[in-house]
Amino acid sequence: MFKHMNQVRSVKSMQFRYFGFILLIISIAGFLFMPTTKAADLNKAVYYVSPNGDDSNFGTLEAPWKTIQKAADTLEAGEMVFIREGIYKEFVTIKKSGSKEGSILYKAYPGEQPVLDGTGVTVDSEKSVLMYLENASYIVIDGFELRNITTDDPDVYPAGIRVREGGHHIQLVNNNVHHIANKSKKGNAHGIHVYGNTANEISDLLIKGNEVHHLTLGNSEALTINGNVNGFSVENNRVHDNNNIGIDIAGFYNACQAPCIDQARNGKVVSNKVFNNSSINNPSYEGHYAAGGIYADGSTDVIIEKNIVYNNDFGIELASENAGKQTSSIKVSDNLIYKNNGAGIIMGGASSSNGGTSKNSIINNILKHNDQLEQGYGQITLQWNNVDNQIMHNEIYSNAPESFIQQDNDSGTGNVITDNYLIQSAKIFSYFEKFKTNLFKLFW
């Protein structure tokens, strides 16, 4: 049952907060922009890779190596390699780790753009990832373009960057991942894929400042964190123009077996821009609009805040697709969610046989003119098996008062919907006059 006491108000201007003072900005600027993982020790080696190099060289600026794989096989903790501009047609596997004293850094040479390109390279089950981290820790991947892997083999899972087999203190920053494709109806592909598939958890993960776009994903997602991943931040990325879900934080998909914890957890998805993600032309979905911008699917203890989410099939989804499992303790706050094809926020299993959501909070979001296809979702939709959730203090704009918040069925208990601002154009609607006859239909 829902407790509900929403307020309907006229459109009001946005309020902004300003800080009055900026103290010592010059002196602290260097501190504010320090990397979050220790950079290469200045006493350690710095190497170079160039398309015009040779792997038999010493790896210096004047005599660079030719392949990034040579660097991956050579570098030790605290060392750095600069990758010069050009196209590299190789699949790189990174197994060597840095340490607390110094990460291993793979960086684009300043002002240049190295490209890992799969065009014309044979793709199979062993070689389908442009940058693959296997149980590697204290690694930074910074400034690459990764592009052009295509397959129609449902047994091949291409990706731009993939992290597996554990690892910690990993940074994937400022990369441009695009045109990774599996065109099979039963296929899967990813732009960035973090897969916690062992009892050795993946932790202290930063995915920041990347652009992930124009991917053909089949049944998978553009940026995915799945399985035994404990502690992550996905921030300031642009995820757009993909034919399935934009950002997915997932659990309960048998990524690993006990004692592994098969649930992404203790993370945040902050200040991303997620737009134009739709499954309508994805053959795996047979003409259905099903792609969420940001999807918490079986994950727990995740903050989703300050994102801009628009022109997707759904805005933000909280659900579990696996029976008896819950997406739990997710805080969705201060997001701008607008003009999505379906609901701005959709919660719960798609059917009674799916899992659901519990103890999540939807607070202080702005939802404007979602349900663009007028399928009856409203701005917020509650589906099956929602328990002990809160929907509070949101500013919700709609063309019709009955389409603010919808519930599909009478499942779920202990949910609270209160103190939301429901706004239709510039008119003021009386809550009790306009909503009292629809309370049980809308908010069972």
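Preceding this section is the structure that the text describes.
Residues numbered from 1 in each chain as written. Predicted model: local features only at pLDDT ≥ 70, side-chain atom pairs only at ≥ 80, totals over all residues. Heavy atoms only, no water.

Undergrad: Looking at this structure, how should I read the layout of surface pockets?
TA: The rolling of a water-molecule-sized probe over the atoms marks out the regions of remaining empty space. The calculated volume of the largest pocket comes to roughly 990 Å³. Surrounding the largest pocket, 44 residues form its lining, Asn188, His190, Asn219, Ser220 and Glu221 being those nearest its centre. It is strand E26 (residues 314-319) that contributes the most residues to the lining of the largest pocket, 4 residues altogether. Considered class by class, the residues forming the lining of the largest pocket number 20 nonpolar, 15 polar and 9 charged. (1 Å grid on protein atoms, 1.4 Å probe; cavity = no way out; pocket = protein on both sides within 12 Å on 5 of 7 lines; lining within 4 Å. Points joined across faces, edges and corners; volume = space filled by probe spheres on them. Helix = DSSP H or I, 4+ residues; strand = E, 2+ residues; numbered from the N terminus. Nonpolar A, V, L, I, M, F, W, Y, C, P; charged D, E, K, R; others polar.)

Undergrad: What is the right way to look at the pairing of strand E8 (residues 129-134) in this model?
TA: The two faces of a sheet get side chains in turn, since along a regular strand they alternate between them. Counting buried positions along E8 yields 5 of 6 residues, so the element is predominantly enclosed. In this structure, strand E5 (residues 92-94) lies alongside E8, joined through 3 bridges in parallel fashion. Paired with valine 92 across the bridge in E8 is methionine 131. As paired strands, E8 and strand E11 (residues 159-164) are joined by 5 bridges and run parallel to one another. Its bridge partner lying in E11, tyrosine 132 is registered against arginine 162. (Buried < 20%, exposed > 50% of the residue type's maximum accessible area, 1.4 Å probe, protein only. Pairing = 2+ DSSP bridges.)

Undergrad: When you look at the sheet that holds strand E17 (residues 223-227) in this model, what are you seeing that I'm missing?
TA: Pairing in this open sheet of 11 strands is parallel, and the strands run E5-E8-E11-E14-E17-E20-E23-E26-E29-E33-E37 from one edge to the other. Where the open sheet ends on each side, the last strands, each with one partner, are E5 and strand E37 (405-407). Put simply, the sheet's adjacent strands are angled 10° from each other on average, direction ignored. Sheet analysis places E11 next to strand E14 (residues 190-196), joined by 4 bridges and oriented parallel. Counted as the bridge partner of alanine 159 is histidine 190 from E14. (Axes fitted to C-alpha atoms, helices over the stretch in contact; angles between N-to-C directions.)

Undergrad: Please explain the pattern of salt bridges as it appears in this structure.
TA: One pass over the structure, following the stated rule, counts 11 salt bridges. The partner of arginine 238 in a salt bridge is glutamate 211, with the nearest N and O atoms 3.8 Å apart. Residue arginine 238 is found in strand E19 (residues 238-240), and its partner glutamate 211 is found in strand E16 (residues 211-213); the two are separated by 27 residues along the sequence. For arginine 238, a relative accessible area of 35% gives the class partly exposed. Within the structure, one salt-bridge network assembled from shared partners comprises Lys89, Asp117, Glu145 and Arg147. (Salt bridge = Lys/Arg side-chain N within 4 Å of Asp/Glu carboxyl O.)

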